[in-house]
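# Working through the structure, step by step
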Amino acid sequence: LTLHFRAALLPGGWARDVLVTIEAGRIVAVTPGLAPPPGAECHAIGIPGLPNLHSHAFQRAIAGRTERRGPGEDSFWSWRDAMYRAIGAMTPDETEAVAAMAYAEMLESGLTRVGEFHYLHHAPDGAPYAELAEMAFRIAAAAAETGIRLTLLPVFYAHAGFGGLPPAPGQRRFAGDLDGFARLLEGGARAVAPLEGAVLGVAPHSLRAVTPEELRAVAAMRPGHPVHIHAAEQTREVEDCLAWSGMRPVRWLLENAAPDARWCVVHATHMDPGETAALARSGAVAGLCPVTEANLGDGVFDAAGWGEAGGAWGIGTDSNVAIAGNGELRMLEYSQRLARRGRNLMAPAPGTSTGRALLDSALSGGARALGAPAPALAPGAPADLVALLPAPGLDEDEALDHWVFAAPDRGVDRVWCGGRAVVRDGRHVARDAIAARFGAVIERLRDAA
Ligand code: NGQ
Ligand code: ZN
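Described below are features of the structure shown in this document.

Scoring rules and cut-offs
Numbers given for residues are sequential positions, taken from 1 along each chain in its written order. For naming, the first written chain is A and the first written ligand is 1, with later ones following in the order written. Residues qualify for local features only when their pLDDT is at least 70, as the model is predicted, and side-chain atom pairs are given and counted only at 80 or more; totals for whole chains, interfaces and linings, by contrast, use all residues. Each side-chain value is worked out from all heavy atoms of the structure, with water and hydrogens disregarded. Here, the term nonpolar core denotes a set of buried Ala, Val, Leu, Ile, Met, Phe, Trp, Tyr and Cys residues that are joined through side-chain atoms within 4.5 Å. The cut-offs for exposure are 20% and 50% of the maximum accessible area for each residue type, with area from a 1.4 Å probe on protein chains only; residues under the lower value are buried, those over the upper are exposed, and the others partly exposed. Put simply, DSSP H or I for four residues or longer makes a helix, DSSP E for two residues or longer makes a strand, and each gets a number counted from the N terminus. Between two residues, a contact is recorded if the distance between any of their heavy atoms is within 4.5 Å. Any N, O or S atom lying within 2.8 Å of the metal counts as a donor, with the limit raised to 3.2 Å for Na, K and Ca; because water is left out of the atom set, some sites can appear incomplete. Nearness here has a simple test: a residue counts as near a molecule or strand if at least one of its heavy atoms is within 4 Å of that partner. By the criterion applied in these results, polar contacts are pairs of N or O atoms within 3.5 Å in which, for protein atoms, one can donate a hydrogen and the other can accept it, and in which residues neighboring in sequence qualify only through two side-chain atoms. All accessible-area figures derive from a Shrake-Rupley calculation using a 1.4 Å probe, and residue coverage is judged against the displayed protein chains alone. Here the rule is simple: two strands pair whenever DSSP picks up at least two bridges between them. A fitted line through C-alpha atoms represents every axis, and for helices the fit uses only the stretch in contact; the resulting angles, taken between N-to-C directions, go from 0 to 180 degrees. A 1.4 Å probe that fits but cannot get out identifies a cavity on a 1 Å grid over protein atoms alone, an open set with protein on both sides within 12 Å along at least five of seven lines counts as a pocket, and a residue lines either if it has an atom within 4 Å of a point. Grid points are joined across faces, edges and corners, and a volume is the space filled by probe spheres set on the points. The classification used treats Ala, Val, Leu, Ile, Met, Phe, Trp, Tyr, Cys and Pro as nonpolar, Asp, Glu, Lys and Arg as charged, and all other residues, Gly among them, as polar. For Phe, Tyr and Trp, rings pair up if their centres lie within 6.5 Å, where Trp contributes its six-membered ring, and each pair is then called stacked (planes under 30 degrees apart), edge-to-face (over 60) or tilted (otherwise). Whether a charge sits over a ring depends on NZ of Lys or CZ of Arg being within 6 Å of the ring centre and within 35 degrees of the ring normal. Pairs of cysteine sulfur atoms within 2.5 Å are identified as disulfides in what follows.

Another aspect to go through is the nonpolar core. Within the largest apolar cluster, 119 residues are counted, with the highest numbers of intra-cluster contacts made by Tyr-103 and Trp-313. It is helix H2 (residues 92-108) that contributes the most residues to this core, 10 residues altogether. With residues near it in sequence (within four places) discarded, Tyr-103 still touches Ser-55, Ala-57, Val-114, Glu-116, Ile-139, Ala-142, Ala-143, Thr-146 and Ile-148. Core analysis: the next-biggest nonpolar cluster, separate from the first, contains 16 residues, Phe-5, Ile-22, Ile-27 and Leu-385 among them.

Right, here's the structure in full:
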């Protein structure tokens, strides 16, 4: 396969008239300054595929179904109850169908690898499936069907709150002990084994859901592989952690879990300046999910301060309420503008492009968090590429700024994973079948609820 881009973002920056040769799923040559030879496929703007470092695919099933004001205080916590109820009856077939829809939409927005923070393990009554890792196989099947790269993060979840509280009834599909988790992990390894480039990490769910001993045990189960944890997303979690330990959640992690470059701290919304500086220094990636964080009323992550502290970050679509790579980047910059009453706060220096800075960070931080090679249009790299729609009259960085801030939708033309075109004209190649199946599942779940 030979692709030609009028402009392409290479490791050293933009180049024009770039010929990209792909063989057996990998890029074998990248040559700027060439006119398209006969037979080459021509596109406008080429960028590497973006990592989506945090997804709960099944939550795509409630998109649009939790936006009606509740009876009491409507908050993250009442959303969580509604989410538990709405998905309480979801079967393995249904979960696979919903995940396939979410993954197709991720690809349609240029997200070519997903970190699936996977905790829907057991049957609706909490009983283990005959194959304990049944649901991991379903996630892997959805990834295989859509062509997205998978970093599977099986989640250890044992408690309803700080201090080792027993799990609540709504959490029985997630909960288990360390022995069960070791077997889930072994099943997860079998599930992802057939997928090219798949990665297996671990995810202690949160400081609420694991004890310190469990956290240490889980983090040690996949040496050298990603460790993801939710932390400091809601102020109530900060208060509960202070009451339990005398420390804020990120401070507790720093003192007790020794996070390093294989860690991804998801959200990390509420940090004081000391936590921000120390966590940034640790090498841990901040897993930012700006659209979900806005949707759930989490608060504003100080991304500008994190950047000044040298912190790495990537983006995640988390609840999948709206799936778009450019949408996450836009929300991230806009949250900073609203909080600091300034503009272009994520651009590092005068004259630099905000869209470019956002993309560069999300590519490198996201890949690190997912244990994946840095996405690059370079020989030897996996052929995971995105062609953006042309932006007439704009220079290259402006085209990225347009994609982030001005594109009417996902702004993506074509996407390749492993050299295979999985999105054409902005549509996943199997969208019709996947969307039909998804629609039937949504109706069934609504009837069941
Ligand atoms: C999750 N979502 O794991 O899906 C959580 C809700 C929890 C977010 N934190 C459950 N956004 O945190 O207990
Ligand atoms: Zn999450």
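Turning next to the coordination of the zinc ion (ligand 2). Only His-54 (NE2), His-56 (NE2) and His-230 (NE2) from the protein coordinate the zinc ion (ligand 2), and they sit 2.0 to 2.1 Å from it. Ordering the donors of the zinc ion (ligand 2) by residue number gives the pattern H-x1-H-x173-H. Here His-56, found in the loop between strand S5 (50-55) and helix H1 (76-87), pairs with His-230, found in strand S10 (residues 227-231); they are 174 residues apart in sequence, far enough to count as distant. The residues His-56 and His-230 share a single accessibility class, namely buried.

Close contacts around ligand 1 come from 15 residues, with Arg-80, Tyr-119, His-205, Arg-208 and Glu-233 the closest. Between ligand 1 and His-56 there is a distance of 3.4 Å, counted from an oxygen atom to a side-chain nitrogen or oxygen. Here an oxygen atom of ligand 1 and a side-chain polar atom of His-205 are 2.8 Å apart. Burial of ligand 1 by the surrounding chains reaches 99%, relative to a free accessible area of 330 Å².

Reading across from one edge, S3-S2-S1-S4-S14-S15-S16-S17 is the order of the 8 strands in this open sheet, with mixed pairing throughout. Looking at strand neighbours, the two that pair on one side only are strand S3 (26-31) and strand S17 (427-428), the edges of this open sheet. Pairing of strand S2 (residues 13-23) with S3 involves 5 bridges; the strand directions are antiparallel. Along S3, the bridge assignment pairs Glu-23 with Arg-26. Set on the sheet, helix H12 (residues 354-369) makes contact with strand S1 (2-10), S2 and strand S4 (41-48); between it and S1 the angle comes to about 105°.

Here the focus is the layout of surface pockets. A volume near 550 Å³ is recorded for the largest pocket. If you go around the largest pocket, you meet 30 residues; those closest to its centre are Arg-149, Glu-196, Pro-382, Asp-384 and Gly-418. Sorting the residues of the lining of the largest pocket by element identifies S5, strand S6 (111-118), helix H3 (134-146), strand S7 (149-156) and strand S16 (420-424) as the ones contributing at least two each. For the lining of the largest pocket, the class distribution of residues is 18 nonpolar, 6 polar and 6 charged. In this structure, the second largest pocket occupies an estimated 410 Å³ of space.

Ordered by their spatial adjacency, 4 strands build an open sheet running S10-S11-S12-S13, and the pairing between neighbours is parallel. In this open sheet, the two edge strands, each paired with only one partner strand, are S10 and strand S13 (312-315). Strand after strand, the sheet turns through a mean of 30° between neighbouring axes, direction not considered. As paired strands, S10 and strand S11 (residues 263-267) are joined by 5 bridges and run parallel to one another.

Within the structure shown, the criterion is met by 13 aromatic pairs. Between Phe-76 and Trp-77, the ring centres sit 4.7 Å apart and the planes meet at 80°, which makes this aromatic pair edge-to-face. As far as burial versus exposure is concerned, Phe-76 and Trp-77 are alike and both buried. Each ring, one from Tyr-157 and one from Phe-174, has its centre 5.3 Å from the other, and the planes form 65°; the classification is edge-to-face. With Tyr-157 in the loop between S7 and helix H4 (178-192) and Phe-174 in the loop between S7 and H4, this pair connects stretches of sequence that are 17 residues apart. Accessibility classification places Tyr-157 together with Phe-174 in one group, the buried group. Three or more aromatic residues joined by ring pairs make a cluster, and in this case those are Phe-58, Tyr-84, Tyr-119, Tyr-157 and Phe-174. Above the ring of Trp-77, the side-chain terminus of Arg-236 is found at 4.0 Å from the ring centroid.

Residues of helix H8 (residues 273-282) that are buried: Glu-275, Thr-276, Ala-278, Leu-279, Ala-280 and Ser-282. At the C-terminal side of H8, Gly-283 shows a positive phi close to 90°.

Which parts of space are left empty comes out when a probe the size of a water molecule is rolled across the atoms. Evaluated as defined, the whole model comprises 3 cavities of 30 Å³ or more. Lining the largest cavity are 18 residues, with Phe-76, Trp-79, Tyr-119, His-205 and His-230 sitting closest to its centre. Looking at the lining of the largest cavity, the element that brings in the most residues is H1, giving 5 residues. Counted by class, the lining of the largest cavity contains 7 nonpolar, 7 polar and 4 charged residues.

Moving on: the state of the cysteines. Taken as a whole, this structure holds 0 disulfides when the rule is applied. Among the cysteines around Cys-241, which has no disulfide bond, Cys-264 carries the closest sulfur, lying 18 Å off. With a relative accessible area of 0%, Cys-241 lands in the buried category.

Let's shift gears to the side chain of His-159. Mapping His-159 onto the fold places it in the loop between S7 and H4. His-159 gets classed as buried once you look at its relative accessible area, which sits at 12%. At 3.1 Å, the side chain of His-159 forms a polar contact with the backbone oxygen of Leu-165. In this structure, His-159 is in contact with Gly-164, Leu-165, Pro-166, Pro-167, Gln-171, Arg-208, Ala-209, Val-210, Thr-211 and Glu-214, ignoring residues within four places of it in sequence.

In this sheet, S2 lies alongside S1 in antiparallel orientation, the contact comprising 8 bridges. Following the sheet pairing, Leu-10 is matched in S2 by Gly-13. In this structure, the hairpin formed by S1 and S2 is closed by a connection of 2 residues. The turn linking S2 back onto S3 is made up of 2 residues, and Ala-24 within it adopts a positive phi angle of 50°.

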